[in-house]
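Single-letter residue listing:
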Amino acid sequence: MRGKFEDQGGLFSYVSPEARVPKDHPLRKIRELVRDVLRDLNRALGALYSKEGRPSIPPEQLLSALLLQVFYGIRSERQLMEQLDYNLLYRWFVGLAPDDRVWDPTTFTKNRTRLENGEVFAKFMAKLLNHPEVKPLLWSEHFSVDGTLIEAWASHKSFRPKDGSDDGDDGANFHGQKRKNDTHASVTDPDSRLYRKAQGKEARLCYMGHVTMENRNGLAVDGRVTHANGTAERSASEAMLKSKANRDSRRITVGEDKAYDTAEHVARLRKMNVTPHVAQYNSGNPNGRQSAIDDRTTRHAGYGMSQTCRAMVECIFGWGKQHGTMRKTKHRGRERVLGDFLLNLIGYNLVRIPKLIAA
């Protein structure tokens, strides 16, 4: 018998969002982990708000919504509010009832800035890694470090001379000009830098993101965003590994690619009680550069293991650029780009951790 078509269906529903989400949905375990971490952050979140005035967006819901944006690669916060209005799965994850109104996109963005200024994303990542179910998954002795380019939200037309000596054409005619970061800067995002990834590649306005990964399960344990230049990768590596080396008196190891193979960088790592398992420059390279890593390091089996594990870092960057929001940032300024970068690292970890716990 053919069913009767009713265009609007029932006016009311007595089925809760909790009952509509499948029991085996991957967001269930992720939501449980996020709630545990947010409870631990309750005091830190409370310190960011005044005890008087009109209530703002609850930071727990704000952070949960930002994680949804990373999980599903939603390109803007305005689109996030639009989808949060009609998607029951998103409402359930964030903690909104079906009848609750979503927030104004501008208000949401301003409240996000409060979390960035309070370094909440870094604190969330630290609490997540110290979760009782997560901590046994991590290694505290063996790490890998790598960097990637994050395309800035700025065009080549905005990259103009710092002294104002342009042609008055709003930067449209820049072909044939010699432009450098020393003499030019973007008027829309001054923190971005013109950088060429390799010989023969085009130069782009971008930032450089850096991640430290533990080698047991390939989870991100630290992240930084710097200006894009030739020494940023090594400087960020030393800054991140210094905190890891000081935490324990035991020597740690780090796997890195050949871009880190310089005598100065290797010497600084060894001084910090870090064993550098850096990929060697091949003999006979065209620029005559000699490797700072010799047989005293490469003869150990751990060197080969570190180089094998190092490849897992690319999975973090690949996930962030394919599924997250890491490929081209929608934010301007290094601090805001750092917040988005850390959210992508947190999102990657949250996707991986439930599978590792169940294994």
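Located above this text is the structure these notes cover.
Just so we're clear, the structure is a prediction, and the values are computed from it rather than from any experiment.

Regarding its fold elements, the chain presents 14 helices and 8 strands. Principal axes of the C-alpha set define a box for the chain whose edges measure 80 × 60 × 55 Å. The long-range share in the chain, meaning contacts at least 24 apart out of those at least 6 apart in sequence, stands at 66%. Taken as a whole, the chain presents about 19,900 Å² of accessible surface, with 49% of it coming from carbon and sulfur.

Let's shift gears to the pairing of strand E1 (residues 142–151). For E1, the tally of buried residues reaches 8 of 10 residues, placing the bulk of the element in the interior. Looking at chain direction, E1 and strand E5 (residues 203–214) are connected through 9 bridges and run antiparallel. When the bridges of E5 are listed, Phe-143 appears paired with Glu-214.

Take the pattern of salt bridges next. Enumeration according to the criterion identifies 17 salt bridges in this entry. For Glu-32, the salt bridge is made with Lys-29, and the minimal N-O distance between the two is 3.4 Å. With Glu-32 and Lys-29 both in helix H2 (residues 26–40), this residue pair falls 3 residues apart, about one helical turn. On the basis of relative accessible area, Glu-32 is assigned to the partly exposed category, the value being 40%. In this structure Lys-29 comes out as partly exposed when scored by relative accessible area, which is 21%. Among the ionic pairs, Glu-151 bridges to Arg-327, the shortest N-O distance being 3.8 Å. Taken together, the positions of Glu-151 in strand E1 and Arg-327 in the loop between helix H13 (313–322) and helix H14 (334–358) put the pair 176 residues apart, joining distant regions of the chain. Classification of Arg-327 by relative accessible area gives partly exposed; the value is 48%. Through salt bridges with shared partners, a single ionic network connects Glu-151, Glu-202, Arg-204, Arg-327 and Lys-328.

So, about empty space enclosed by the protein. Applying the stated criterion across every chain, the model contains 1 cavity of 30 Å³ or more. Of the voids in this model, the largest cavity is the one considered here, and its volume is about 40 Å³. In terms of lining, the largest cavity is formed by Ile-150, Thr-325, Met-326, Thr-329, Val-337, Asp-340, Phe-341 and Asn-344. Considering every element that reaches the lining of the largest cavity, the biggest residue donor is H14, with 4 residues. In terms of residue class, the lining of the largest cavity is made up of 4 nonpolar, 3 polar and 1 charged.

Glancing now at the pairing of strand E7 (residues 252–256). Within E7, 5 of the 5 residues are buried, leaving the element largely enclosed by the surrounding structure. Two elements, E1 and E7, share 3 bridges in a ladder whose sense is parallel. Bridged to Ser-144 within E7 is Gly-255. Where E7 meets strand E8 (residues 274–278), 5 bridges bridge the pair, whose relative direction is parallel. Directly across from Gly-255, in E8, lies its bridge partner His-277. Between the parallel pair E7 and E8, the chain is carried across by helix H10 (residues 263–271), and the sense of this crossover is right-handed.

Moving on, we come to the environment of Thr-325. Among the secondary structure elements, Thr-325 is positioned in the loop between H13 and H14. Using a relative accessible area of 15% as the deciding quantity, one classes Thr-325 as buried. The spatial distance from the C-alpha of Thr-325 to the C-alpha of Ile-74 is 7.6 Å, given a sequence separation of 251 residues.

Let us now look at helix H8 (residues 120–129). Taken as a whole, H8 has its buried residues at Val-120, Phe-121, Phe-124, Met-125, Leu-128 and Leu-129. If you follow the buried residues of H8, they end up packed against H2, helix H3 (42–46), helix H4 (59–71), helix H7 (105–117), strand E6 (220–227) and H14.

This brings us to the nonpolar core. Across soluble globular proteins, you tend to see nonpolar side chains buried next to one another. In this structure, Phe-71, Phe-108, Phe-124, Leu-345 and Leu-350 are the most contacted members of the largest nonpolar core, which totals 85 residues. Take this core: its biggest share by element is 11 residues, from H14. Setting aside chain neighbours within four positions, we find Phe-108 in contact with Ile-57, Leu-62, Ala-65, Leu-66, Glu-77, Leu-80, Met-81 and Trp-103. Ranked by size, the runner-up nonpolar core spans 5 residues in total, among them Leu-149, Cys-206, Met-208 and Ala-232.

Further remarks concern the packing of aromatic side chains. Tallied over the full model, the rule gives 4 aromatic pairs. Here the aromatic rings of Phe-71 and Phe-93 are separated by 6.1 Å at their centres, their planes lie at 85 degrees, and the arrangement is edge-to-face. Of the two residues, Phe-71 sits in helix H4 while Phe-93 sits in helix H6 (residues 88–94), which places them 22 residues apart along the sequence. Owing to a relative accessible area of 0%, Phe-93 belongs among the buried residues under this scheme. With a centroid separation of 6.1 Å and an interplanar angle of 25 degrees, the aromatic rings of Trp-103 and Phe-108 are classed as stacked. When sorted by exposure, Trp-103 lands in the same class as Phe-108, which is buried. A cation sits over an aromatic face here: Arg-31 above Trp-92, 4.6 Å from the ring centre. Seen from the ring of Tyr-281, Lys-258 lies directly overhead, with NZ or CZ sitting 5.7 Å from the centre.

Moving on: the side chain of His-131. Residue placement: His-131 occurs in the loop between H8 and E1. Judged by its relative accessible area of 7%, His-131 falls in the buried class. Setting aside anything within four residues of it in sequence, one finds His-131 in contact with Leu-33, Asp-36 and Pro-136.

The rules behind these values
- Residues numbered from 1 in each chain as written.
- Predicted model: local features only at pLDDT ≥ 70, side-chain atom pairs only at ≥ 80, totals over all residues.
- Heavy atoms only, no water.
- Helix = DSSP H or I, 4+ residues; strand = E, 2+ residues; numbered from the N terminus.
- Contact = heavy atoms within 4.5 Å.
- Areas by Shrake-Rupley, 256 points an atom, 1.4 Å probe, with all protein chains shown as cover.
- Buried < 20%, exposed > 50% of the residue type's maximum accessible area, 1.4 Å probe, protein only.
- Pairing = 2+ DSSP bridges.
- Salt bridge = Lys/Arg side-chain N within 4 Å of Asp/Glu carboxyl O.
- 1 Å grid on protein atoms, 1.4 Å probe; cavity = no way out; pocket = protein on both sides within 12 Å on 5 of 7 lines; lining within 4 Å.
- Points joined across faces, edges and corners; volume = space filled by probe spheres on them.
- Nonpolar A, V, L, I, M, F, W, Y, C, P; charged D, E, K, R; others polar.
- Right-handed = clockwise from strand over helix to strand, strands pointing away.
- Core = buried A, V, L, I, M, F, W, Y, C linked by side-chain atoms within 4.5 Å.
- Phe/Tyr/Trp six-rings, centres within 6.5 Å; stacked < 30°, edge-to-face > 60°.
- Lys NZ or Arg CZ within 6 Å of the ring centre and 35° of its normal.

These values are about where atoms sit, not about what they do.
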